[in-house]
Structure formats: C-alpha cells, structure tokens
Amino acid sequence: MRRSRMLLLLAVGCASLTGCGPGQSGMIGLSVDDAGRTIVVLQDCKGDIDKLKLVMLGRLKTDPETVLVEWSNPKSPKGVVQFPLVEGAGKWKPQSPVPEFDVTRHYQLRGKKENDWSNAIDITFTPTELKDLQPGQVLRWKRGLGEANEIVTMDEYTPKDCG
C-alpha cells in the first residue's frame, strides 16, 4: 500500500514539472486593432507552435466543449506573431469560418505543436473581455496565483517572457 502511494506522489510530482511532459513554448493573447477586429497575439518562444484551436467551453465543467475553428502553420516563426482572428494572415489562415461569439459563453484559444510536445499558455475569455480592450493592449492569462486574465501593453507582452 505504501509503495502505491509513493508511486502516485511521484507521478503527480512529475506531472507538475515541465520536463516530464509537454513543455510551455509561449503564450496566446488577444488584442484589437484600430478597426475593432480581434487580433491573435501568439508568443512562440521556440517557433514550434503549429496548431491553434478555438473552442467554445461548456456552460458547466462537465459539459462537452465545441471546437469552432482551427489554424495550422508548420513554419511559425520565433517571437511574437499577430494576425486577425477572423481573416488570419500569412500561413495562419482559419480552416473554416470563425463564428460570431455568443456573449453568454466562454471561449478558449489553444496553441500546441502537432505532436503535442510543446504547447502555449492558453487564453480563456468572454466576448465582454474583448470589448474592453483598446488597441495596443493584450489580454493574457495572469501569471501567479489565481485564475484570471490580465491586460498588459504590447511592450509587456514580449519574447523576454520566454526565458
């Protein structure tokens, strides 16, 4: 019995370390341009995030989520890449039309490498949070304690965070 507890603790500890599974390779943020369009701001530290997925989360944690649209770019450059969510740009083109957001729902934009070896810190958001953004601001997952987003300037959202 003790041995199985030790193995469980070891597995949980390993799962919490980045070296034991997929590593963080950046972050996804959202911004707006002067025309009010939603802009994806992908911080890709290693240039290896090649898939993005927009999902609508279930109303309850037990409800299924719905994949709305995906983007693919096998040659994503290192650093910060920006493109309009709906139209895309360069090789980051949506593979299907991006639907209108429902103000009563939560959404999540996820990024990863196709083989799941790396992933970016996702952004979970509501349409209301996007309406509060001004050009030059980026909505991102807040680091540290708590589960919340934060709004930072584009200067604060830089590759130096890739450390």
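That block above? That's the structure.
Read on for an overview of the structure.

The rules behind each value
Residues numbered from 1 in each chain as written. Predicted model: local features only at pLDDT ≥ 70, side-chain atom pairs only at ≥ 80, totals over all residues. Heavy atoms only, no water. Helix = DSSP H or I, 4+ residues; strand = E, 2+ residues; numbered from the N terminus. Buried < 20%, exposed > 50% of the residue type's maximum accessible area, 1.4 Å probe, protein only. Contact = heavy atoms within 4.5 Å. Polar contact = N/O pair within 3.5 Å; in protein donor to acceptor, adjacent residues only side chain to side chain. Core = buried A, V, L, I, M, F, W, Y, C linked by side-chain atoms within 4.5 Å. Phe/Tyr/Trp six-rings, centres within 6.5 Å; stacked < 30°, edge-to-face > 60°.

A tally of helices and strands in the protein yields 2 helices and 9 strands. The order of α-helices and β-strands along the protein, N terminus first, is α-β-β-β-β-β-β-β-α-β-β. The proportion of buried residues among the 163 residues of the protein is 37%. The long-range fraction of contacts in the protein, counting pairs at least 24 apart against all pairs at least 6 apart in sequence, stands at 56%.

The subject of this paragraph is the side chain of Gln108. One can find Gln108 in strand S6 (residues 107-112). Overall, Gln108 belongs to the buried group, its relative accessible area being 14%. Polar contacts involving the side chain of Gln108 include one to the side chain of Thr124, which spans 2.7 Å. Residues in contact with Gln108, not counting those within four places in the same chain, are Lys53, Leu54, Val55, Leu57, Asp122, Ile123, Thr124 and Phe125.

This part covers the environment of Pro127. Structurally, Pro127 is set in helix H2 (residues 127-131). Owing to a relative accessible area of 6%, Pro127 belongs among the buried residues under this scheme. Distance in space between the C-alpha atoms of Pro127 and Glu100 is 9.6 Å, their sequence separation being 27 residues.

Moving on: the nonpolar core. Ranked by size, the top nonpolar core spans 24 residues in total, and within it Leu52, Leu54, Trp71, Leu109 and Phe125 carry the most contacts. Every element with two or more residues in this core is listed here: strand S1 (23-32), strand S2 (38-44), strand S3 (51-56), strand S4 (66-72), strand S5 (79-84), S6 and strand S7 (118-125). Sequence-distant contacts of Leu54, that is, excluding residues within four places in its chain, are made with Thr66, Val67, Leu68, Val69, Trp71, Val98, Phe101, Tyr107, Gln108, Leu109 and Phe125. Formed by 6 residues, the second largest nonpolar core is a distinct cluster that contains Met27, Ile39, Val138 and Tyr157.

In this structure the tally under the stated criterion is 4 aromatic pairs. Ring centres of Phe83 and Trp92 lie 5.8 Å apart, and the angle between their planes is 5 degrees; this geometry places the pair in the stacked category. For Trp92, a relative accessible area of 2% puts it in the buried group. Ring geometry for Tyr107 against Phe125: centres 5.9 Å apart, planes inclined by 25 degrees, an arrangement best described as stacked. With a gap of 18 residues between them, Tyr107 in strand S6 and Phe125 in strand S7 connect regions that are remote in the sequence. These aromatic residues form a ring-pair network of at least three members: Phe101, Tyr107 and Phe125.

Here the focus is the environment of Arg110. For Arg110, the position within the fold is in strand S6. Classification of Arg110 by relative accessible area gives partly exposed; the value is 22%. For the pair Arg110 and Leu52, spaced 58 residues apart in sequence, the C-alpha to C-alpha distance is 5.5 Å. When neighbours within four sequence positions are excluded, Arg110 is seen to be in contact with Ile28, Lys51, Leu52, Lys53, Val55, Leu57, Glu65 and Asp122. Engagement of the side chain of Arg110 in a polar contact is seen with the side chain of Gln108, the distance being 2.5 Å.

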